[in-house]
Amino acid sequence: MIYSTSELMQKYSNYADAKGKIRRLVRDGKLIQFARGLYEDNAAIDPAYLASWIYSPSYLSFDYVLYIHDLIPETVHTLTSATFNKRKMKIYKNAFGIYTYQDVPKLAYPHCVIAEVSGNYSYQVATCEKALCDKLYTLSPVRNMKEFKYLLFDDLRIDQDDFWNLNMDDISYLAPLYHSANLKYLLQLIRKGKNDQYN
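Residues numbered from 1 in each chain as written. Predicted model: local features only at pLDDT ≥ 70, side-chain atom pairs only at ≥ 80, totals over all residues. Heavy atoms only, no water.

### A word on the overall build of the protein
For the record, the criterion: In DSSP terms, a helix is any run of H or I states spanning at least four residues, a strand is any run of E spanning at least two, and both are numbered starting from the N terminus. Each residue gets one of three labels from its accessible area relative to the maximum for its type: buried under 20%, exposed over 50%, partly exposed in between, using a 1.4 Å probe on protein chains only.
Each helix and strand counted, the protein has nine helices and nine strands in total. For the protein, the spread of C-alpha atoms along the three principal axes comes to 75 × 30 × 25 Å. The 199 residues of the protein split such that 46% are buried.

### Quick look at the environment of Val-104
Definition in use: Note on definitions: a residue-residue contact is assigned when non-hydrogen atoms from the two residues lie within 4.5 Å.
Relative to the elements of secondary structure, Val-104 occurs in the loop between strand S7 (97-103) and strand S8 (113-118). Considered as a pair, Val-104 and Trp-164 are 60 residues apart in the sequence and their alpha carbons are 24 Å apart. If near-sequence neighbours (up to four positions away) are discounted, Val-104 is found in contact with Tyr-59, Phe-62, Ala-82, Thr-83, Phe-84, Tyr-109, Asp-134, Tyr-137 and Tyr-178.

### Quick look at the nonpolar core
Put simply, the rule is: Side-chain atoms within 4.5 Å are what join buried Ala, Val, Leu, Ile, Met, Phe, Trp, Tyr and Cys residues into a set we call a nonpolar core.
Formed by 60 residues in total, the largest nonpolar core has its most connected members in Leu-60, Leu-132, Leu-136, Phe-148, Leu-152, Phe-163 and Leu-186. Sort the elements by how many residues they give to this core and helix H9 (residues 181-197) lands first, with six residues. Excluding residues that lie within four positions of it along the chain, Phe-163 makes contacts with Leu-71, Leu-132, Leu-152, Phe-153, Ile-158, Met-168, Leu-186, Leu-189 and Ile-190. Of all hydrophobic cores here, the second largest spans eight residues; its members include Leu-8, Tyr-12, Ile-22 and Leu-31.

### Focus: the side chain of Ser-61
Position of Ser-61 relative to the elements: it lies in the loop between strand S4 (59-60) and helix H4 (62-68). Given a relative accessible area of 0%, Ser-61 falls into the buried group. In this structure, Ser-61 is in contact with Thr-80, Ser-81, Ala-82, Ala-126, Lys-130, Ala-131 and Asp-134, ignoring residues within four places of it in sequence.

### Some points on the pairing of strand S6 (residues 90-94)
Rule in force here: At least two DSSP bridges between two strands are required for those strands to pair.
With five bridges joining them, S6 and S7 adopt antiparallel strand pairing. Bridging across to S7, Lys-93 finds its partner in Ile-98. Turn length for the S6-S7 hairpin, with the two strands adjacent in sequence and antiparallel, is two residues.

Dropping the structure here:
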């Protein structure tokens, strides 16, 4: 369970030295400090549950979400999250893992994000479609459709069948919100694919 410093101070208020009690619990491994003023008492917790607490507002996205949905083949060990108006990537390391936070456009930020709840924990995570749009936004812009297809299917190694099984309506809604060349080509690819189905 996640505790703030103030919650722990209240919990141990009957101790003469509540701060000392907290320090001893941390020393003995019964509490793990994972961010400033935040502690977890379960060492076996899924690290994803903590991502939205470490840096807020944020939601899990990019490579981490693409990996857990099997859209990219590489194993991802870093928990990657999206933020907005932070201007530069933030990196946090703690006992549970490495967490990174990177901007997406404010206009795109709130869409297609799901609140996951597991027991006493809740966290924010992008849909697979949103994670793909977020990822493409962060990559260097391509110059034409040939380069975009290479980026999508060779560099990122996304399987074409898996790609076309995504919710294209969601992507078509999201893509224009980024004002990005890569997302422009993504939208063109989807439209071309839909048109080809009728030819």
